[in-house]
Amino acid sequence: MGENIPAAPEDPQDRTQRLLALDRAHVWHPFTQMQGWVEPSEGDEPVIIDHARGAWLFDTLGRKYLDGVSSLWVNVHGHKKAEIDSAIRLQLQKVAHTTLLGLASPPSIELAAELARRAPRFEGQPELRKVFFSDSGSTAVEVALKIAFQHWRQRGKPRKARFVALGEAYHGDTLGSVSVGGMDLFHQTFQPLLFDVLRVPTPYVYRWPTGPRHCLESAALAAEAVISGRRDEIAAVVLEPLMQGAAGMIAHPPGYLRRIAKACRDNGVLLICDEVATGFGRTGTLLASEQEEVVPDILCLAKGLSGGYLPLAATITSDPIYESFLGPFESKKTFFHGHSYTGNPLACAAALASLRLFDEEDTLTHVRQMAERLAAGLKPIAKLKQVGDVRQRGLMIGIELVKDRATKQSYDYGERMGHRVCLAARKRELMLRPLGDVVVVLPPLSIAPAEVDLLLEALQASIKEVTEG
Ligand SMILES: *Cc1c(COP(=O)(O)O)cnc(C)c1O
């Protein structure tokens, strides 16, 4: 193995070539067709990111790119943020990791209290006070599903064992979260391994069959009918509030979440909000569900929780749910679930520093200002010939490309339009990653006004080059 590691500083070209060869030989990349990765077409050569600062990524050849998707939706205050760096260093002087199975640690205690303190409160709704840590969005959802399921068994209602999810949902890649997921492309293969879920329609305004005006009412009615009609079988409804991310940046019509939350409350069904993507300021409020004055029974957090530094997730519940797990040791009501790195102290220290920055830098005000700037700049982009729909909630944006604006006809899967726009953007120092034909724009919350302008300029030119050029 030693021969792969050079003794002296290397020329950047040599280093890049050496690393690319090793990457091709040994790294299996997620959500990536490796045949195309190993034998890339012109302009699609892998980029190796060496370091980053603020909203900028730098590759091993010294080229720079604006991080247009926050390193896959996780970064919050920019890269190499001094306050988070030093919080991790400080914790490192004490210990890198100890377990939460049977032991406690200061950073996880402080963070749980801080999350409980910042959780939204509205009269007559649950108070989110109990934090169960894990390490990814998938595990945060997995934990929520298992808690909801076990909760009803221990409340003497074992028939309440099914979940309701949206048609095109995405909640992660472990089998439980894939079961509640509904994206055929990702999930179909695993069908025989999955549990059965009750589906309600995705409130996809742009593509609602009877027209955008009817989306809210029809989608809400359909969901309400399932929730009230099968209340005795349903453990919980799980959804992403306001904006479905991986499903294609699908913005829900205002009022939808509130309707679902009310139906859940009226029918004794738990509501699980997966704010893995929408949480931590992404949509302009700390949590997206706040905008509809909804507090779920179970809240899932991950991605931005640690500021985009380390894997960390939290599933937060109310006291009544927590209490159904209490009993004498012999009752076996324990929640038998946990991960090796649950509540990792370095990650919790990063999360605490990130939350402090929300106050010190008034991050949410900045998000709203940058969101307005983006909204203004997106107007001309929305008029481009091949742009069907532009959807924005705060700094969470999807631009849906279509073959035909009048009929909303999509491009063929093999045309890879979204991918081609992202490659064109890369030439203009903007790093993006699409979801099919939806170009995703999701910059770090700390993005500066001048960087927003650069992003918009590169984005517009790239879409034009690929769709009209
Ligand atoms: C990314 C994502 C997940 C999965 O999170 P991982 O950390 O990738 O496991 C779950 N739910 C939503 C809404 C997400 O965006």
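The preceding data block contains the structure.
Residues numbered from 1 in each chain as written. Predicted model: local features only at pLDDT ≥ 70, side-chain atom pairs only at ≥ 80, totals over all residues. Heavy atoms only, no water.

S.K.: Hey, could you run me through the overall build of the protein chain in this one?
M.R.: When its secondary structure is counted, the protein chain shows 15 helices and 16 strands. Here the C-alpha radius of gyration of the protein chain, 23 Å, is about what a compact globule of 469 residues would show, namely 23 Å. Along the first, second and third principal axes, the C-alpha set of the protein chain runs to 65 × 60 × 45 Å. Per-residue burial over the protein chain gives 53% buried out of 469 residues. When contacts within the protein chain are restricted to residue pairs at least 6 apart in sequence, long-range pairs at least 24 apart make up 71% of them. Here the protein chain has roughly 21700 Å² of accessible surface; of this, 55% comes from carbon and sulfur atoms. (Helix = DSSP H or I, 4+ residues; strand = E, 2+ residues; numbered from the N terminus. Rg over C-alpha atoms; globule rule 2.2 N^0.38 Å. Buried < 20%, exposed > 50% of the residue type's maximum accessible area, 1.4 Å probe, protein only. Contact = heavy atoms within 4.5 Å. Areas by Shrake-Rupley, 256 points an atom, 1.4 Å probe, with all protein chains shown as cover.)

S.K.: How do you make sense of the nonpolar core when you look at a structure like this?
M.R.: Nonpolar side chains in soluble globular proteins tend to be buried together. Residues Leu-115, Ile-399 and Leu-459 are the most contacted members of the largest nonpolar core, which totals 104 residues. Apart from the residues lying within four places of it in its own chain, the contact partners of Ile-399 are Leu-378, Ile-381, Val-387, Asp-389, Val-390, Asp-437, Val-438, Val-439, Val-441, Leu-459 and Ile-463. (Core = buried A, V, L, I, M, F, W, Y, C linked by side-chain atoms within 4.5 Å.)

S.K.: Would you explain the site of the ligand in this entry?
M.R.: Surveying the vicinity of the ligand reveals the residues Trp-73, Ser-136, Gly-137, Ser-138, Tyr-170, His-171, Gly-172, Glu-240, Asp-274, Val-276, Ala-277 and Lys-303. At a separation of 3.4 Å, an oxygen atom of the ligand approaches a polar side-chain atom of Ser-136. Contact between the ligand and Gly-137: an oxygen atom at 2.8 Å from a main-chain N or O atom of the residue. Protein coverage of the free-state accessible area of the ligand, which is 380 Å², stands at 83%. (Near = heavy atom within 4 Å. Polar contact = N/O pair within 3.5 Å; in protein donor to acceptor, adjacent residues only side chain to side chain.)

S.K.: Please explain unusual backbone geometry as it appears in this structure.
M.R.: Negative phi values dominate among residues other than glycine, just as trans dominates among peptide bonds. Of note, Trp-73 is a non-glycine position whose phi angle comes to about 75 degrees, a positive value. Despite not being glycine, Phe-280 shows a phi value in the positive range, around 55 degrees. Counting through the fold element by element, Phe-280 comes out in the loop between strand E10 (270-274) and strand E11 (298-301).

S.K.: Please clarify how the side chain of Gln-244 should be interpreted in this entry.
M.R.: You can see Gln-244 is positioned in strand E8 (residues 243-244). For Gln-244, a relative accessible area of 1% puts it in the buried group.

S.K.: Is there a simple way to explain the pattern of salt bridges in this structure?
M.R.: Charged atoms that come close allow side chains of opposite charge to pair. One pass over the full model with this rule turns up 24 salt bridges. One salt bridge in this structure joins Asp-359 and Arg-118, with 2.7 Å as the shortest N-O distance. Placement of the pair is Asp-359 in helix H12 (residues 345-360) and Arg-118 in helix H5 (residues 106-118), with a sequence separation of 241 residues. Of the charged contacts, one joins Lys-130 and Asp-319 as a salt bridge, the two residues approaching to 4.0 Å between their closest N and O atoms. With Lys-130 in strand E4 (residues 128-134) and Asp-319 in helix H11 (residues 319-323), the pair connects residues that are 189 residues apart, well separated along the chain. Taking the relative accessible area as the measure of exposure, Lys-130 reaches 24% and is therefore partly exposed. (Salt bridge = Lys/Arg side-chain N within 4 Å of Asp/Glu carboxyl O.)

S.K.: Before we go on, may I ask you to explain the pairing of strand E2 (residues 56-59) in this structure?
M.R.: Side chains on a regular strand alternate between the two faces of the sheet. With four bridges joining them, strand E1 (residues 49-53) and E2 adopt antiparallel strand pairing. Considered in E2, the bridge of His-51 is made with Phe-58. Sheet topology note: the E2/strand E3 (residues 64-67) ladder contains three bridges and is antiparallel. Bridging across to E3, Trp-56 finds its partner in Leu-66. (Pairing = 2+ DSSP bridges.)

S.K.: What should I look at first to understand the packing of aromatic side chains in this one?
M.R.: By the definition in use, this model includes five aromatic pairs. Three or more aromatic residues link up through ring pairs in this structure, and these residues are Phe-31, Tyr-170 and Phe-186. One cation-aromatic arrangement involves Lys-64 over Trp-56; the distance from NZ or CZ to the ring centre is 5.2 Å. Between the NZ or CZ atom of Lys-160 and the centre of the ring of Trp-152, over which it lies, the distance is 4.6 Å. (Phe/Tyr/Trp six-rings, centres within 6.5 Å; stacked < 30°, edge-to-face > 60°. Lys NZ or Arg CZ within 6 Å of the ring centre and 35° of its normal.)

S.K.: Would you mind showing me how to read the sheet that holds strand E6 (residues 198-200) here?
M.R.: The strands making up a sheet associate through backbone hydrogen bonding, with each pair oriented either parallel or antiparallel. Read across the open sheet, the seven strands follow the order E4-E12-E11-E10-E7-E5-E6; overall the sheet is mixed. Taken across any chain shown, the strands that pair with only one partner, and hence form the sheet edges, are E4 and E6. Each strand of the sheet is rotated relative to its neighbour by a mean of 20 degrees, with strand direction disregarded. In this sheet, strand E12 (residues 313-318) lies alongside E11 in antiparallel orientation, the contact comprising four bridges. In the sheet register, Ile-298 faces E12, and the bridge partner there is Thr-317. Across the sheet, helix H9 (residues 215-229) lies against strand E5 (162-166), E6 and strand E7 (234-239), angled at about 155 degrees from E6, the strand it touches most. (Axes fitted to C-alpha atoms, helices over the stretch in contact; angles between N-to-C directions.)

S.K.: Is there a simple way to think about the sheet that holds E2 in this case?
M.R.: Spatial ordering of the open sheet is given by E1-E2-E3-E15, a layout of four strands whose pairing is mixed. Unpaired on one side and paired on the other, E1 and strand E15 (430-431) mark the two borders of the sheet. Pairing analysis gives two bridges linking E3 to E15, with the strands arranged parallel. In the strand pairing of E15, Leu-66 is matched with Leu-430.

S.K.: I tried to follow helix H6 (residues 137-154) on my own but got confused; where do I start?
M.R.: An α-helix turns once every 3.6 residues. As a result, residues three or four positions apart point the same way. For H6, spanning 18 residues, the distance from its first C-alpha to its last is 26 Å, which sits close to the expected 26 Å at 1.5 Å a residue. Burial runs high along H6: 15 of the 18 residues are buried. Two residues or fewer after H6 comes Gly-156, characterised by a positive phi angle close to 75 degrees. (Expected span 1.5 Å × (residues − 1).)

Everything listed here is a matter of geometry and, on its own, says nothing about what the molecule does.
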